[in-house]
Protein chains: 2
Amino acid sequence: MDRPRKPTLDTVASAVGVSRATVSNAYNRPDQLSAALRERILETAASIGYAGPDPVARSLATRHSAAVGIMLGQPLCAAFSDPAVSLVLDGLASTVDGHDHCLVLMPGGTEGGPRPSTVARAQADVVVAYSLPDDAPALDVVRARGLPLVVIDQPVLPDTARVEVDDVGGARMAAAHLWELGHRRFGVLTFGTRAGFLSGREGAFRVTRDRLTGYRDVVGHAPVWECAGSNRSMGRSGARELLSLTPRPTALLCASDELALGALQAVRDLGLRVPADVSVMGFDDVPEAEHAEPPLTTVRQPLAEKGRRAGELALRLLDGGRPGEPTRLPVSLVERASTARLT
Amino acid sequence: MDRPRKPTLDTVASAVGVSRATVSNAYNRPDQLSAALRERILETAASIGYAGPDPVARSLATRHSAAVGIMLGQPLCAAFSDPAVSLVLDGLASTVDGHDHCLVLMPGGTEGGPRPSTVARAQADVVVAYSLPDDAPALDVVRARGLPLVVIDQPVLPDTARVEVDDVGGARMAAAHLWELGHRRFGVLTFGTRAGFLSGREGAFRVTRDRLTGYRDVVGHAPVWECAGSNRSMGRSGARELLSLTPRPTALLCASDELALGALQAVRDLGLRVPADVSVMGFDDVPEAEHAEPPLTTVRQPLAEKGRRAGELALRLLDGGRPGEPTRLPVSLVERASTARLT
DNA sequence: TTGTACGCGTTATCAG
DNA sequence: CTGATAACGCGTACAA
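Residues numbered from 1 in each chain as written. Chains lettered and ligands numbered in written order. Predicted model: local features only at pLDDT ≥ 70, side-chain atom pairs only at ≥ 80, totals over all residues. Heavy atoms only, no water.

Caption draft 1: Geometry of the packing of helix 1 (residues 9-16) of chain B against helix 3 (residues 35-48) of chain B. Residues and elements named next belong to chain B. Closest axis-to-axis distance for the helix 1/helix 3 pair is 10 Å, and the angle between their directions is 120°. By the angle between their axes, helix 1 is oblique relative to helix 3. The handedness of the crossing between helix 1 and helix 3 is right-handed. Across the interface between the two elements, T11, V12, A15 and V16 of helix 1 pack against L37, R40, I41, T44, A45 and I48 of helix 3. Here the residues of the contact of helix 1 with helix 3 are counted per class, giving seven nonpolar, two polar and one charged. (Axes fitted to C-alpha atoms, helices over the stretch in contact; angles between N-to-C directions. Helix = DSSP H or I, 4+ residues; strand = E, 2+ residues; numbered from the N terminus. Parallel < 35°, antiparallel > 145°, perpendicular 65-115°, else oblique. Left-handed = near helix turned anticlockwise from the far one by under 90°. Contact = heavy atoms within 4.5 Å. Nonpolar A, V, L, I, M, F, W, Y, C, P; charged D, E, K, R; others polar.)

Here's what the structure looks like:
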């Protein structure tokens, strides 16, 4: 059989003997026609196999698609496997839940952030950018398309809704804690877009630049290894680099828990122990931090809350609201067992 | 200022002095026009503030949207907070990654599965349904819209791509393990759409019906409490019901790890101990199971692999492939510390 | 390169 | 009230 063209509003309209507009009303404005006619239309539609107005055509006409877009700096799977990202998205999703919107996850390309072509094709009424590099081209596309934008963490853009945490303050707390424990030789493990030792304060992420600033405020100069991303295996190899330095650092300041969890492994790899030989400090306080071996001392940031706030901002923009001032959430130090006094 | 209409292909075309088709070609078929003209068009577009072809209009014309839809039986946030769901989605996402498609998450309504209106409006080229109830209306909508469909776990639909595991076999393993440990008084904790004791083999989920069958094959009759969903708090309260029966069960067969984790808590609530007083058996083997207190004995199913397979099927259907036979993945028993010989 | 016929609905505005 | 007419939303793709 040759595939019969899919029925459209017109198909139904002519089958019933009314105009297309009336069929449209039967679906969208029941009060605009008699119940009897509406019934007849719906029945005919069902018998023809008409599934209701095409969502794309409808979006084209109405100019909205009932979807919240999310731009990630990482592959799609990170949304479900990176604990910090999932926590933020969990919060975001819980806010969006009940508003009958879909969540459109855009995969991050290689350069941090979705490819411009991906963003150009994504169908959403508002976009939430999760921690993209400062120069992410994806952001320009969102701007050009005139879509409302909410930024989580970074980059800092003028007149843009944003939610962030006190990264400098958090980093200071982390460093101060180790300093007070007597540590004087530090290694810093941070994340960016490429791997290697860092000399200046470069780096594509405001978040890590701020954390670096906070660390340095307290400990002064220290070797910094930047990982190409934030996951355990990168943290593990980066920590190995830091721990091979002479003199060896007695404490590792990690810009994320994932990196710190990798660092824990690296210390073991070298036959050393945490915290007896090396103290390890994280950042984020993901659930895994508490169950790590040993439990990780870290800087807690309210990840789920960050997502919720971002979701609220997105919904507000959707309603035509203004971006408003950036929301800044507090951080706090969580002392567990991966840091100890220098003996 | 009164908002100027957003520029369109036509705006650019007349600004450059060419036809709309040519501008379209400049974006989609660079080889169809001279490099110089293309350059001029793109420049003009940029100066006008044209962001490129509207994605919705393009989708309307091309009939596809470069998106994979996912229908959940739960709220959106479950995608990121329920460990079993995230693992499956992680696998699914890792397969879709690199194909430049977005993931469209549709929120589940109250009756298990997204509301028909949600599905009717979602824009995707293929839809993956994750463990929806047999009668989920969302599935009819997908059918009516003629979208390719991949089902994970259930329901069983004719001529539909599906990936599942051996639920009956897994449940038998679980029950047999406890039986061999000497247990004879069992309580079964399962999930469905409403809470209460179950008498027959009813239940909206093939998965839980199969697991129930497997349990009963081994242990015969046993009281069954059905939770309204699968999470810890429901498991906790359901387990309390089972543990208040006289005589009290010595072993709890749980249809998911989340329920089992809740059951662990319930046992503690009653001042009893696992496994000394009550053995608890899970199903799924989520990462949390290993770190539970005590570590959970459970039936392992390859969750990430299930997602990956579903992703592959989705991509195949996207290419016009046939559904093929259902994929069935194996399960295995993982013995840990939440079950013990009856003393 | 371009003309032009679709793709499929929505939403005033208008007539009965 | 009920329902119809017609303009509009923005591109794509094929024939000329």
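Structure shown, so let's carry the discussion forward.
Caption draft 2: Spotlight on helix 6 (residues 83-96) of chain A. Residues and elements named next belong to chain A. Between its terminal C-alpha atoms helix 6 stretches 20 Å, which fits the 20 Å expected from 14 residues at 1.5 Å a residue. With respect to burial, helix 6 is a largely interior element, 12 of its 14 residues being buried. Looking at helix 6, one finds that the buried residues are P83, A84, V85, S86, V88, L89, D90, G91, L92, A93, T95 and V96. Immediately downstream of helix 6, the backbone of G98 shows phi near 90°, a positive value. (Expected span 1.5 Å × (residues − 1). Buried < 20%, exposed > 50% of the residue type's maximum accessible area, 1.4 Å probe, protein only.)

Caption draft 3: Structural detail: the protein's contact with DNA strand C. Around DNA strand C sit 29 residues, and of these L9(A), R20(A), S24(A), Y50(A) and T22(B) come closest. For DNA strand C, the fraction of atoms within 4 Å of the protein that belong to sugar or phosphate moieties is 73%. Take R58(A): an N or O atom from its side chain is 3.0 Å from a phosphate oxygen of DNA strand C. Between T22(B) and DNA strand C, the recorded distance is 2.3 Å, taken from a side-chain N or O atom to a phosphate oxygen. Of all elements in the fold, only helix 2 (20-28) and helix 4 (55-62) of chain A together with helix 2 (20-28) and helix 4 (55-62) of chain B reach the threshold of two or more residues within the surface near DNA strand C. Split by residue class, the surface near DNA strand C holds 12 nonpolar, 10 polar and seven charged. (Near = heavy atom within 4 Å. Polar contact = N/O pair within 3.5 Å; in protein donor to acceptor, adjacent residues only side chain to side chain.)

Caption draft 4: View of the protein's contact with DNA strand D. Every one of the 26 residues lining DNA strand D counts as a neighbour, but T22(A), L9(B), R20(B), S24(B) and Y50(B) are closest to it. By atom count, sugar and phosphate contribute 74% of the portion of DNA strand D lying within 4 Å of the protein. Residue S24(B) places a side-chain N or O atom 2.4 Å away from a phosphate oxygen belonging to DNA strand D. Among the elements of the structure, helix 2 and helix 4 of chain A together with helix 2 and helix 4 of chain B are those that each provide at least two residues to the surface near DNA strand D. Grouping the constituent residues of the surface near DNA strand D by class yields 12 nonpolar, eight polar and six charged.

Caption draft 5: Representation of the pairing of strand 9 (residues 251-254) of chain B within the structure. Residues and elements named next belong to chain B. Here strand 9 shows no split at all, with A251 and L253 on one side and L252 and C254 on the other all buried. As paired strands, strand 6 (residues 186-191) and strand 9 are joined by four bridges and run parallel to one another. Bridged to F186 within strand 9 is A251. Handedness of the crossover is the feature at issue here: the chain leaves strand 9, passes through helix 12 (residues 257-269), returns alongside strand 10 (residues 279-281), and the resulting connection is right-handed. (Pairing = 2+ DSSP bridges. Right-handed = clockwise from strand over helix to strand, strands pointing away.)

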